[in-house]
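Read off the chains here:
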Amino acid sequence: MKRRKHLLWLLAAMVVSISFSACKPRGAGSAVTGNAAARTYVPPGQYDEFYNFVSGGFSGQMSVYGLPSGRLFRVIPVFSVDPEKGWGFSEETKPMLETSHGFIPWDDLHHIEASFTDGMPDGKWMFANSNNTPRLARIDLATHRTAEIIEIPNTGGNHCSPFTTENSEYVIAATRFSVPPDGPGGDVPISSYKENFKGHISFVRVDKETGEFDIAFQLKTPGLNFDLSSAGKGKSNGWLFLSCYNSEQAHTLLEVSASQNDKDFILAINWKKAEEYFKAGRGTKQAVRYAHNKYNEETHSATSEIKTEVTVLDVADFEDLAYLIPCPKSPHGTDVNPTGEYIIGSGKLAALIPVFSFDKLQNAIANKDFEAEQYGGIPVVKYESALHGEVEKPGLGPLHTEFDDKGNAYTSFFVSSEIVKWNIEKLEVIDRQPTYYSVGHLMVAGGNSKKPYGKYLVAYNKITKDRFLPTGPELCHAAQLFDISGEKMELLLDFPTIGEPHYAQAVPADLIKDRSVKIYDINANKHPYIAKGESEARVERNGNTVHVYLTTIRSHFTPDNIEGIQLGDEVYFHVTNIEQDWDMPHGFAIKGAGNSELLVMPGETQTLKWVPDRTGIFPMYCTDFCSALHQEMSGYVRVSPKGSNVQLAFSTGVNPSAGE
Amino acid sequence: MANKTQLNEKKLMLLLMLGIVIYACSQGGKQSADSQSAQTTAAQPSDYDPKRGLGKFDKVDVGNTLDAALAQEGKLIADVKCASCHKYTSERLVGPGWSGVTKKHQPAWIMNFITNPDPMIDKDPELQAQLEICLVRMPNQNLSDEDARKILEFMRENDGVN
């Protein structure tokens, strides 16, 4: 009996210990909840709950992920060429990357913001900014392609962008590096910064129906570095808040010399007032040069136009346009909460988070509760007069703040590598979770809207180190998904990203997925070089220029035998994909082309320019596996010496003798 | 004494069972995930009518004579969307030539196939036999109902109806 009892105790102890070890979180000591896998698992064939549009940073592109799975669906080329998709290589897309400096194959895509209707994402477009050569882009969410890019004049480093107003009336672009205004007057000593360098904040109008950009006006400010901005919403709709650093107006070793002042500023702009002044003709027209590039879905081609004028209003000329709010230590993020009452400044070198009140700011302005000295002609509101309160000792190096639907804020801390959840009214810290490592931007689903969806938060970390299998010196940036539906934030998933994500937007899948374009209607294709069916496929010579009107369908080209091309010719392959079925692109490549492939969607026409450099036979083939006979989808082009008597000939399915 | 031992043993058994339950619970996520995978139910062969095909068209009344204008419109569509793979003769290109197709198949079958090719290729015995020969599944060319009717009329003209 006693023996049996001992045995039972032993057995029970073993089973209990096995049970607990089965429930214990595994992994590199990080606090992952036991069922995290199940909460991010999207079964095969099922859809994610959210689209997550993620900035690609120095890749220049934008990527599309699913949440909560963290699966990558697509990389949308925006500011950088993409040979995989022919972006910037096909004749049709080259104009999209034109600027006043000429064709530029790369840029640094910083932030992404959704188009909004009444303060909520409407699923129409994503906006993105390029930081290096200042531009704004609009990505169409029906096609998931870049539809428009506009260059921003008078700007050096378009970082403070592309944040939009409550109904996306305007997309904002503001300079991170103040520079002298564009034009011949820019040739000045760098040491004349205080005198000659200016900030410019651009208000780019967005057509409600077509989305088309138009630079309405710019506001000229003293030389400041604008970092990030957030438009007012609800009660503060009509205002715009921008963080600025370098109030010292330094122009060298900014690391030290732009970190001297205890406080820099948040610039509050009454943009409705600015719009009134602009409409009343109070601005000054300035001669500038900037490119405006548009992609036309009917001609499947882009056009680039250089525009030459912009209207500028100097904020110092108006009393009621702009106000500075002192904000501790080089503020980075400036974020307005869902009600529009609170403006959170994140001084990246500060040990506290100041929370400003829109109501108090309005009172301070009404009562002229200003500092004795203006800054560059702009009134400076007294810090305490606009302050709701400070979050004491929240962490080190606050950068960005997003919001949930329950009155809480989530702030990323780069230096202390954590996300801190705090209550806005009470200014009290509720929870803090470590990130691996050194979080930069963070995003709550709908966290910049009037009614955040809550549920998920993604930390976009700057340092990866040991989180994934090592891949040499360069590592992908890691994103981390948290569940924020409870009191405590729970880490669910790490996933790799493209380039360096600076911000993202998560939009419910239902807002976008049913509007996604599946094919382009071949009968609506107005490309000037379309071959509408094989009967129109042909080759035409015009001097040294040869146009090949080529069709693709599973699985052959028409024509697929071409002779009579001569050295010195410029050959344009206009490839029309006559498929009308979803997910049936064909690719096109030809040996020796100093160019990328083409990837042609159903019903679309795209053009590859080819200048043969030698005589001989050049195979061409379909690069995108299309059917069981994909390997057979190929053809030959014969190149003869200049002046050869080989006649121009083309065919498919027959083998004519060359006209020699 | 005997009672007390029994009681302890009962407690131990309970603990043992509890442990097993916790263990089973901790394994549960995996099982439920497996069982969630979608089951695709293949239609019974008897559900499929090889004369009608599969799609929205049930009976198509074509009449005895040709609508020449309709056939002309059908040819224009076919030239763009179909002729890359089908000759209008009996010669096979990628797919079979069209000559005789309206004599072999009911109008509804043709219209169902050209507007709903993928599901029909999966079910139709003759189409499966064709796939073994051609190896390329006929693309869905996104024909509207009207387009399909026009193409049918052109096929009838091609087969000598006048």
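Rules used throughout
Residues numbered from 1 in each chain as written. Chains lettered and ligands numbered in written order. Predicted model: local features only at pLDDT ≥ 70, side-chain atom pairs only at ≥ 80, totals over all residues. Heavy atoms only, no water. Helix = DSSP H or I, 4+ residues; strand = E, 2+ residues; numbered from the N terminus. Buried < 20%, exposed > 50% of the residue type's maximum accessible area, 1.4 Å probe, protein only. Contact = heavy atoms within 4.5 Å. Areas by Shrake-Rupley, 256 points an atom, 1.4 Å probe, with all protein chains shown as cover. Lys, Arg positive; Asp, Glu negative; His and termini not counted. Charge placed at Lys NZ, Arg CZ, Asp CG, Glu CD. UniProt positions renumbered as here; feature names shortened; annotations may be inferred. Pairing = 2+ DSSP bridges. Phe/Tyr/Trp six-rings, centres within 6.5 Å; stacked < 30°, edge-to-face > 60°. Lys NZ or Arg CZ within 6 Å of the ring centre and 35° of its normal.

(A) Examining the overall build of chain A more closely. Of regular secondary structure, chain A possesses 7 helices and 42 strands. When the backbone C-alpha atoms are referred to their principal axes, chain A occupies close to 100 × 90 × 40 Å. Buried positions account for 59% of the 660 residues belonging to chain A. The contacts in chain A between residues at least 6 apart in sequence include a share of 62% that link residues at least 24 apart. Surface summary for chain A: the accessible area is close to 26,100 Å², and the carbon and sulfur share equals 53%. Of the side chains in chain A, 62 bear a positive and 81 a negative charge, and the two mean positions are spaced by 6 Å.

(B) Quick look at the UniProt feature "domain: Cytochrome c" (unreviewed entry) in chain B. When the UniProt feature table is mapped onto this chain, "domain: Cytochrome c" (unreviewed entry) is found at residues 69-159 of chain B. As a span, residues 69-159 of chain B carries 63% helix and 0% strand, and end to end its C-alpha atoms are 16 Å apart.

(C) Representation of the pairing of strand β32 (residues 538-542) of chain A in the model. All names here are of chain A. Looking at chain direction, β32 and strand β33 (residues 545-553) are connected through 5 bridges and run antiparallel. Its bridge partner lying in β33, Arg541 is registered against Val546. The hairpin formed by β32 and β33 contains 2 residues between the paired strands, and Gly543 there has a positive phi angle of roughly 65°.

(D) Region of the structure containing the packing of aromatic side chains. Residue and element names in this part refer to chain A. With the rule as written, the count across this model stands at 29 aromatic pairs over all chains. Ring geometry for Phe50 against Tyr456: centres 6.0 Å apart, planes inclined by 85°, an arrangement best described as edge-to-face. Residue Phe50 is found in strand β1 (residues 50-55), and its partner Tyr456 is found in strand β28 (residues 456-461); the two are separated by 406 residues along the sequence. Assigned by exposure class, Phe50 and Tyr456 land together as buried. With a centroid separation of 5.9 Å and 70° between ring planes, the pair formed by Tyr170 and Phe217 is classed as edge-to-face. Placement of Tyr170 in strand β10 (residues 170-174) and of Phe217 in strand β12 (residues 213-222) is noted, with a sequence separation of 47 residues between them. For Tyr170, a relative accessible area of 1% translates into the label buried. For Phe217, a relative accessible area of 0% translates into the label buried. Through a chain of ring-to-ring contacts, three or more aromatic side chains come together here, namely Tyr170, Phe203, Phe217, Trp271 and Phe278. When the ring centre of Tyr245 is taken as reference, the NZ or CZ atom of Lys348 above it lies at 4.5 Å. Positioned over the ring face of Tyr549 is Arg538, at 3.6 Å from the centre of the ring.

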